[in-house]
Amino acid sequence: MFTAILFFYQSRGVFRSPTNIDRDIVEEELEFFKVDLAKIFTFDDEDEGEITEELTIREKMHNFLMDPHYSKAAMLWAFCDMVAIVLSVVLLVAESVPEAAPYFKATQQYPDKYYYYVLYGLEILINGFFTLDFTLKLISWPKPYLFLKNVLNFLDLLAILPFYIELIAMVTSESGAAGDKFVVLRICRTSRVVRIFRFIRHSKELIVVMKVIAGAAREFVLLSLLIAIFVLLFGTLMYYAELGRDSGFSSILMGCWWSIVTVTTVGYGDLYPKSPVGRLIGSVAVVLGIVILALPMTVIVSKFNESYGAEKRKAEKKTLAKIRARAGLIDDIDGAGEGGKV
């Protein structure tokens, strides 16, 4: 019970009654902690219907789609969304497996043709769910004309567009095997991997990380600029050092490819210098690569920790504000009289 009591004081009057503790025990604990039973607002699952009763249908729909903890139905909808994302990614991966690829094509060559209709029907069902979710979010968005300014909403649009573009191309083509004729279809099928970004919406931590990365954009630009300078420098030096030798450095671009692999300490081993001068340049590139990555990284990590903590506190304050708003509480507690706000 202490967690609930602590939250009561931190939230200035919101008491979230634990659902796994009997109400008689809850009242005894409240009396022990000197909390006036007549002065609190109990916020639990049983009262949630009363809390949201004053919301409009549009607001309820928005909360239902955006907050999995809004209700049990909202949590079920979020679970179905995650299942659809997983199935979509599994189908995308399975389609690239040579043994499973024939089942994803409508041809007369294979007797198990009905597998194609089952798999394609599942794809239609998944995209139908994504489309319904996208449409309802657009309808319930507070300002629909700003809907696509949200990055996650834009990613949702990119997740469903490839299916309809591919469907239109298949319908308008003379042959059912339209994917082999149109390069755009291959691009569409590849872009279906964007659906995995829908997972971000279901994780507050990932959303915070995205905001932190955006806040540390200057540091990332600095790191990218340093890497680009040294990649071009060592790529050019290696090209001229290995010029005339059969070592694979046929152009400065190939030298830059070797340089970026070396500076980032990956080292594929597909290209390597053979001349003494080239090996010297390669040694310097490896050592400087470690320094290049280490120096800005400390600044980035420090900035990341600072921004992550700030975003976490901001998210906690926003969550608390939503709880108080749904409970109908007033922010100012000082002028409530002797009993205070509840």
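Reading the values: rules and limits
- Residues numbered from 1 in each chain as written.
- Predicted model: local features only at pLDDT ≥ 70, side-chain atom pairs only at ≥ 80, totals over all residues.
- Heavy atoms only, no water.
- Helix = DSSP H or I, 4+ residues; strand = E, 2+ residues; numbered from the N terminus.
- Buried < 20%, exposed > 50% of the residue type's maximum accessible area, 1.4 Å probe, protein only.
- Contact = heavy atoms within 4.5 Å.
- Areas by Shrake-Rupley, 256 points an atom, 1.4 Å probe, with all protein chains shown as cover.
- Polar contact = N/O pair within 3.5 Å; in protein donor to acceptor, adjacent residues only side chain to side chain.
- Patch = residues over 30% accessible without salt bridge, like charges linked within 9 Å, V, L, I, M, F, W, Y side chains within 5 Å.
- Salt bridge = Lys/Arg side-chain N within 4 Å of Asp/Glu carboxyl O.
- Lys, Arg positive; Asp, Glu negative; His and termini not counted.
- Charge placed at Lys NZ, Arg CZ, Asp CG, Glu CD.
- Expected span 1.5 Å × (residues − 1).
- Core = buried A, V, L, I, M, F, W, Y, C linked by side-chain atoms within 4.5 Å.
- pLDDT = per-residue confidence, 0-100.
- Phe/Tyr/Trp six-rings, centres within 6.5 Å; stacked < 30°, edge-to-face > 60°.
- Axes fitted to C-alpha atoms, helices over the stretch in contact; angles between N-to-C directions.
- Nonpolar A, V, L, I, M, F, W, Y, C, P; charged D, E, K, R; others polar.

K.L.:
How should the overall build of the protein be read in this particular structure?
P.N.:
Check the secondary structure of the protein and you find 12 helices and two strands. Along the chain direction, N to C, the helices and strands of the protein fall in the order α-β-α-β-α-α-α-α-α-α-α-α-α-α. In the protein, buried positions account for 32% of the 342 residues. Contacts spanning at least 24 positions in sequence make up 61% of the contacts within the protein whose residues lie at least 6 apart. Accessible surface for the protein amounts to roughly 21400 Å². Of this, 66% is attributable to carbon and sulfur atoms.

K.L.:
Whenever I open this one, the side chain of Asp156 confuses me. Can you help?
P.N.:
Mapped onto the elements of the fold, Asp156 is located in helix α7 (residues 151-172). Asp156 gets classed as buried once you look at its relative accessible area, which sits at 3%. When neighbours within four sequence positions are excluded, Asp156 is seen to be in contact with Phe134, Lys137, Arg198 and Arg201.

K.L.:
Mind showing me how you'd approach the side chain of Asn153 here?
P.N.:
Mapped onto the secondary structure, Asn153 falls in helix α7. Assessed through its relative accessible area of 0%, Asn153 is described here as buried. Of the polar contacts made by the side chain of Asn153, one reaches the backbone oxygen of Phe147; its length is 3.0 Å. Here Asn153 is in contact with Phe134, Trp141, Phe147, Leu148 and Arg201, once residues within four sequence places are set aside.

K.L.:
I'm lost on a negative patch on the surface in this one. Help?
P.N.:
Where like charges cluster on the molecular surface, the negative patch consists of Asp22, Asp24, Glu27, Glu28 and Glu31. On the secondary structure map, Asp22 appears in the loop between β1 (14-15) and α2 (23-32).

K.L.:
In this structure, what is going on with helix α5 (residues 72-95)? I would like to understand it.
P.N.:
The terminal C-alpha atoms of α5 lie 35 Å apart, and with 24 residues this matches the ideal 34 Å at 1.5 Å per residue to within 8%. Burial in α5 covers these residues: Ala74, Trp77, Ala78, Asp81, Ala84, Ile85, Ser88 and Leu91.

K.L.:
What is the right way to read the environment of Met82 from this model?
P.N.:
In this structure, Met82 sits in helix α5. On the accessibility criterion, Met82 (30% relative accessible area) is partly exposed. Once residues lying within four places of it in the same chain are set aside, the contact partners of Met82 are Phe199 and His202.

K.L.:
Just checking my understanding: could you explain the nonpolar core for this structure?
P.N.:
Generally speaking, soluble globular proteins have nonpolar side chains that are buried together. Within the largest apolar cluster, 15 residues are counted, with the highest numbers of intra-cluster contacts made by Ile227, Phe234, Met238, Phe249, Trp258 and Ile281. Residue assignment for this core shows that the elements contributing at least two residues are α10 (217-241), α11 (252-263) and α12 (276-326). Examining the composition of this core, we find that six residues originate from one element, α10, more than from any other. Residues within four places of Ile227 in sequence aside, it is in contact with Ile292 and Leu293.

K.L.:
I tried to follow the confidence of the model for the protein on my own but got confused; where do I start?
P.N.:
Where the model shows low pLDDT, its predicted coordinates should not be examined in detail. A residue-level look at the protein finds 78% of positions with pLDDT of 70 or above and a mean pLDDT of 76. The spread of mean pLDDT over the elements of the protein runs between helix α3 (residues 48-51), the lowest at 40, and α11, the highest at 90. Between residues 41-53, whose pLDDT stays under 50, and residues either more than four places distant or in other chains, the model counts 30 contacts. Ignoring residues within four places in sequence, the model shows residues 176-180, a span with pLDDT below 50, making nine contacts including any to other chains.

K.L.:
Sorry if this is basic, but what is going on with the packing of aromatic side chains here?
P.N.:
Between two aromatic rings, the relevant description is the distance of the centres plus the angle of the planes. Overall, the coordinates contain 10 aromatic pairs when judged by the stated rule. Considering the side-chain rings of Phe64 and Trp77, the 5.9 Å spacing of their centres and the 55° angle between planes classify their relative orientation as tilted. Placement of Phe64 in helix α4 (residues 57-66) and of Trp77 in helix α5 is noted, with a sequence separation of 13 residues between them. Of the residues examined, Phe64 reaches a relative accessible area of 21% and is grouped as partly exposed. Members of the aromatic cluster, connected to one another through ring pairs, are Phe64, Trp77, Phe129 and Phe130.

K.L.:
Sorry if this is basic, but what is going on with the packing of helix α9 (residues 204-215) against α10 here?
P.N.:
In a packed pair of helices, the relevant descriptors are the angle between the two axes and the axis-to-axis distance. Contact geometry for α9 and α10: axes closest at 5 Å, N-to-C directions at 60°. The residues of α10 that touch α9, namely those facing Ile213, Ala214 and Gly215, are Ala217, Glu219 and Phe220. Here the residues of the contact of α9 with α10 are counted per class, giving four nonpolar, one polar and one charged.

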